[in-house]
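Chain residues, written in single-letter form:
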Amino acid sequence: MSEPSETEGADTGRRGVLGAVATTAAAIAAGAAGCAPAGPAAPRSAAEAPPRTLGRTGAQVDAVSLGGEGILRTTGRHREAVPVILEALRLGVRYCDTAPAYQQSQDYYGEAFRAAGPKAREQVFLASKTHARDRDGALRLLDDSLRRLGTDHLDLWQLHDLRELDELDAIFGKRGAIEAVEQARADGRVRHVGITGHHDPQILVEAMRRYPVDTVLCAINPADPARLPFLTTVVEEARRRGVGVIGMKIMAAGRLLQDRAASPGELIRYAASHADTVIIGCSSVAEVRENLGARSLPFPMPPAERAALEARVAPRAGRYDSFKA
C-alpha cells in the first residue's frame, strides 16, 4: 500500500525564527553528547484550559498536542526536528504523535527523549501506528518503533490509515494485525489501541463496530460538513461508545491559512470543540510555542460561531477536504 499521510501538515508559510531553532539545536546536540540535559518543563499557565480525558484510556490530554509530521516527517534533519520536540516537552505537552511511515519522526523522538533526560518519555502519552495489516508485519513494525523511540511500550498503538473494507477483513481475519494488537497488549508493549483514517468515515465506523478500540484519529476542520462528514458519523459513534477522539488535518495542510479562510486560533478552537485533543505538525520551535499557546484559548467554541465558520469555508470546501474518498 502507499505510504499513509495523516497528521496535520505544518503551515509552510510561517517557518518561525530560524535563529532560535539553530540555538536550541546546538544546545540539544551538546546534551546528547553527554553535557547537561535539557532543563525542567516550564510552569503551565493558569489561563490554560483544564485537561480533558481521552475516552476510555483515562489519559489526561490538552486541547492541543504535538503531531508527528511537519519538520518531524523528514529524513536527516535532526538539528531542526529534535528541538521542536524538546520545546514541546519543555512546554508540558501531554500527547505526542508519530508513525513508522513518517520517515525519521520516531528517530527524532527517541533522540529528544534521550536529550531531555530519563523522565521525559514518561511525562507524555506516546502514540505510534502500524500500516501493516497482518500479524507478523505489525509486530515487526512495533518492535522497530519501540527501538527507535527508546521505550519499552507505547501508550497508544493505532491501526493506520484505514480506507477499504478489504483492509478491515485482513486486519480482523486470521493472522491479521488485530492478533498483534492482542499479543502486544497482553505482554505490555502496548497499553491502548486506536484506529486512524481520513478517507472514508464509514470505514472507521465499521472498524469501531468490529473491535472495542480506545481511540479514533480522524480529520476535523470546518469544511467537514460539506462532504463525507466525520463529525456526524465517526465522532458521534465514538462518543456513543466512549472512544477517545483525536483531531487531525485541522488546518487542511495549511490551505485554510494560505487562503486566509480562518485563523489558526479559530481552527484549533473549532476542532478541539469536537475532539479531546488535536494534533498539529510543526515546522519550527516558534510554531510549537504558537500552537501550544493556544491551550489558553476559550473552549469550546460556541455552536453559533462554529456554524458561521463552516458557512465561511463552505464555498471552497472541496479545496480543504481533498484527502476524502
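For the structure, see preceding data.
Quick caveat, the model's predicted, so the values are computed rather than measured.

Along the backbone of the chain there are 13 helices and ten strands. Taken across its 325 residues, the chain has 59% of its residues classed as buried. Counting only contacts in the chain whose residues sit at least 6 apart along the sequence, the fraction spanning at least 24 positions is 81%. Working note: accessible area of the chain is about 12,400 Å², and carbon and sulfur atoms make up 53% of it.

Counting through the fold element by element, alanine 219 comes out in strand S8 (residues 215-219). Of the residues examined, alanine 219 reaches a relative accessible area of 1% and is grouped as buried. C-alpha of alanine 219 to C-alpha of glycine 247: the two residues are 28 residues apart in sequence and 5.7 Å apart in space. If we ignore the near neighbours within four places in the chain, the residues touching alanine 219 are Gly197, His198, Asp224, Phe230, Met248, Lys249 and Phe323.

The next thing to look at is the packing of helix H10 (residues 264-272) against helix H12 (residues 303-313). Running from amino to carboxyl end, H10 crosses H12 at an angle of 120°, the nearest separation of the two axes being 11 Å. Here H12 runs oblique to H10, going by the angle between their axes. Here the hand of the crossing between H10 and H12 comes out left-handed. Together, Glu266, Arg269 and Tyr270 of H10 and Glu305, Arg306, Leu309, Glu310 and Arg312 of H12 make up the contact between the two elements. Its residues assigned to classes, the contact of H10 with H12 comprises two nonpolar, no polar and six charged.

Moving on, we come to the pattern of salt bridges. Applying the stated rule across the entire model yields 31 salt bridges. As a salt-bridge pair, arginine 121 and aspartate 155 come within 3.0 Å of each other at their nearest N and O atoms. Of this pair, arginine 121 sits in the loop between helix H3 (105-116) and strand S5 (125-130) while aspartate 155 sits in the loop between helix H4 (135-149) and strand S6 (156-159), and the two are 34 residues apart along the sequence. Each member of the pair arginine 121 and aspartate 155 is classed as buried. A cluster of three or more residues bridged by salt bridges with shared partners is formed by Asp107, Asp144, Arg147 and Arg148.

Before going further, it helps to spend a moment on helix H5 (residues 165-172). Of all the residues in H5, the buried ones are Glu167, Leu168 and Ile171. The buried residues of H5 occupy an angular sector of 100° when projected down its axis, which confines them to one face. Where H5 is buried, its residues meet S6, helix H6 (177-187) and helix H7 (201-210).

Its place among the elements puts histidine 199 in the loop between strand S7 (193-197) and H7. Here histidine 199 falls in the buried class, since its relative accessible area comes to 17%. Each residue touching histidine 199, except ones within four places of it in the same chain, is listed here: Arg163, Glu164, Leu228, Phe230, Phe323, Lys324 and Ala325.

Each neighbour pair has its own omega, and for phenylalanine 299 with proline 300 the value is -5°, a cis peptide bond. Looking at the secondary structure, you find proline 300 in the loop between helix H11 (285-293) and H12. Notably, glutamine 103 is not glycine yet its phi reads approximately 50°, a positive angle. Relative to the helices and strands, glutamine 103 resides in the loop between strand S4 (95-97) and H3. Residue glutamine 103 is classed as partly exposed on the basis of its relative accessible area, which comes to 34%.

Moving on, we come to the packing of aromatic side chains. This structure, assessed with the given rule, holds three aromatic pairs. With a centroid separation of 5.7 Å and an interplanar angle of 20°, the aromatic rings of tyrosine 95 and phenylalanine 125 are classed as stacked. You can see tyrosine 95 sitting in strand S4 and its partner phenylalanine 125 sitting in strand S5, a full 30 residues away along the chain. Across this residue pair, the class does not change: tyrosine 95 and phenylalanine 125 are buried. We note arginine 52 situated over the ring of phenylalanine 299; from NZ or CZ to the ring centre the distance is 5.4 Å.

Before going further, it helps to spend a moment on the environment of methionine 248. Considering the arrangement of structural elements, one finds methionine 248 in strand S9 (residues 244-248). Each C-alpha atom of the pair methionine 248 and alanine 272 lies 10.0 Å from the other, and the pair is 24 residues apart in sequence.

It is worth spelling out the pairing of S7 at this point. Among the five residues that make up S7, five are buried, leaving the element largely enclosed by the rest of the structure. Residues Val193, Ile195 and Gly197 of S7 are buried on one face, and the alternating residues Gly194 and Thr196, pointing to the opposite face, are buried as well. Strand direction decides the pairing type here: S6 and S7, joined by three bridges, are parallel. Along S7, the bridge assignment pairs glutamine 158 with glycine 194.

Below, the discussion takes up the environment of phenylalanine 323. Inspection of the secondary structure assignment puts phenylalanine 323 in the segment after helix H13 (317-320). Note: C-alpha distance between phenylalanine 323 and histidine 199 (124 residues apart in sequence) is 6.0 Å. Sequence-distant contacts of phenylalanine 323, that is, excluding residues within four places in its chain, are made with His198, His199, Ala219, Asn221 and Lys249.

Thresholds, definitions, all that
- Residues numbered from 1 in each chain as written.
- Predicted model: local features only at pLDDT ≥ 70, side-chain atom pairs only at ≥ 80, totals over all residues.
- Heavy atoms only, no water.
- Helix = DSSP H or I, 4+ residues; strand = E, 2+ residues; numbered from the N terminus.
- Buried < 20%, exposed > 50% of the residue type's maximum accessible area, 1.4 Å probe, protein only.
- Contact = heavy atoms within 4.5 Å.
- Areas by Shrake-Rupley, 256 points an atom, 1.4 Å probe, with all protein chains shown as cover.
- Axes fitted to C-alpha atoms, helices over the stretch in contact; angles between N-to-C directions.
- Parallel < 35°, antiparallel > 145°, perpendicular 65-115°, else oblique.
- Left-handed = near helix turned anticlockwise from the far one by under 90°.
- Nonpolar A, V, L, I, M, F, W, Y, C, P; charged D, E, K, R; others polar.
- Salt bridge = Lys/Arg side-chain N within 4 Å of Asp/Glu carboxyl O.
- Arc of directions from axis to C-beta.
- Phe/Tyr/Trp six-rings, centres within 6.5 Å; stacked < 30°, edge-to-face > 60°.
- Lys NZ or Arg CZ within 6 Å of the ring centre and 35° of its normal.
- Pairing = 2+ DSSP bridges.

That is the geometry; function is a separate question.
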